[in-house]
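In case you want the letters, here they are:
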Amino acid sequence: QVQLVESGGGLVQPGGSLRLSCAASGSIFRINAMGWFRQAPGKQRELVAIGTSGGRTTYADSVKGRFTISRDNAKNTVFLQMTTLKSDDTAVYYCYASYDARDYWGQGTQVTVSS
């Protein structure tokens, strides 16, 4: 069993930055994929960025060049550095982990981009 705890969401003005963190805990050796999804009101949950333990990363086209995902494999922690935020980035951001052929989700953290 894997527990994911997110932190770092909040309110930010357009053009600003935020950094999200997600720590995994439980009886785990090494998580394969960790990343972030988001869900805006009235929309489906979508991939934001994901990284594998081998260092491969994938980004949504809408965040390329603005968001950066990074991992600390030793601590089973994943970060999402978000810059040049736009109102369209407003959503609940969910941490995701794939471990032992199962998917795990965090409780979500709200990111609101507004002036």
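Each remark here, short or long, concerns the structure printed above.
Quick caveat, the model's predicted, so the values are computed rather than measured.

**As for the side chain of aspartate 89**
Then comes step 1: Mapped onto the elements of the fold, aspartate 89 is located in the loop between strand E8 (77-82) and strand E9 (91-99).
Then comes step 2: Here the side chain of aspartate 89 touches arginine 38 through a polar contact of 3.0 Å, side chain to side chain.
Then comes step 3: Separated by 2.8 Å, the side chain of aspartate 89 and the backbone nitrogen of lysine 86 make a polar contact.
Then comes step 4: Other than its neighbours up to four places away in sequence, aspartate 89 contacts Arg38, Arg66, Phe67, Thr84, Val111 and Val113.

**Some remarks on the nonpolar core**
Then comes step 1: By size, the foremost hydrophobic cluster in this structure holds 30 residues, and its most contacted members are Leu4, Met34, Trp36, Leu80, Met82 and Tyr93.
Then comes step 2: Listed by contribution, the elements that provide at least two residues to this core are strand E1 (2-7), strand E3 (18-26), strand E4 (33-39), strand E5 (46-52), strand E7 (67-72), E8, E9 and strand E11 (109-113).
Then comes step 3: In terms of residue count, the dominant contributor to this core is E9 (five residues).

**Points about the packing of aromatic side chains**
Then comes step 1: Per the stated rule, a full pass over the model turns up three aromatic pairs.
Then comes step 2: Taking the centre distance of 5.5 Å and the plane angle of 65° together, the rings of phenylalanine 37 and tyrosine 96 count as edge-to-face. Pair noted here: phenylalanine 37 is in strand E4 and tyrosine 96 is in strand E9, with a separation of 59 residues, a long-range link. Each member of the pair, phenylalanine 37 as well as tyrosine 96, carries the same accessibility label: buried.

**Comments concerning the pairing of E11**
Then comes step 1: Taking every second residue as pointing to the same face, the buried face of E11 carries Thr109, Val111 and Val113, while none of Gln110 and Thr112 on the other face is buried.
Then comes step 2: Both strand E2 (residues 10-12) and E11 contribute to a ladder of three bridges, which runs parallel. Note that in E11 the partner of glycine 10 across the bridge is valine 111.
Then comes step 3: Alignment of E9 against E11, held across three bridges, turns out to be antiparallel. Its bridge partner lying in E11, alanine 91 is registered against valine 111.

Parameters and conventions
Residues numbered from 1 in each chain as written. Predicted model: local features only at pLDDT ≥ 70, side-chain atom pairs only at ≥ 80, totals over all residues. Heavy atoms only, no water. Helix = DSSP H or I, 4+ residues; strand = E, 2+ residues; numbered from the N terminus. Polar contact = N/O pair within 3.5 Å; in protein donor to acceptor, adjacent residues only side chain to side chain. Contact = heavy atoms within 4.5 Å. Core = buried A, V, L, I, M, F, W, Y, C linked by side-chain atoms within 4.5 Å. Buried < 20%, exposed > 50% of the residue type's maximum accessible area, 1.4 Å probe, protein only. Phe/Tyr/Trp six-rings, centres within 6.5 Å; stacked < 30°, edge-to-face > 60°. Pairing = 2+ DSSP bridges.

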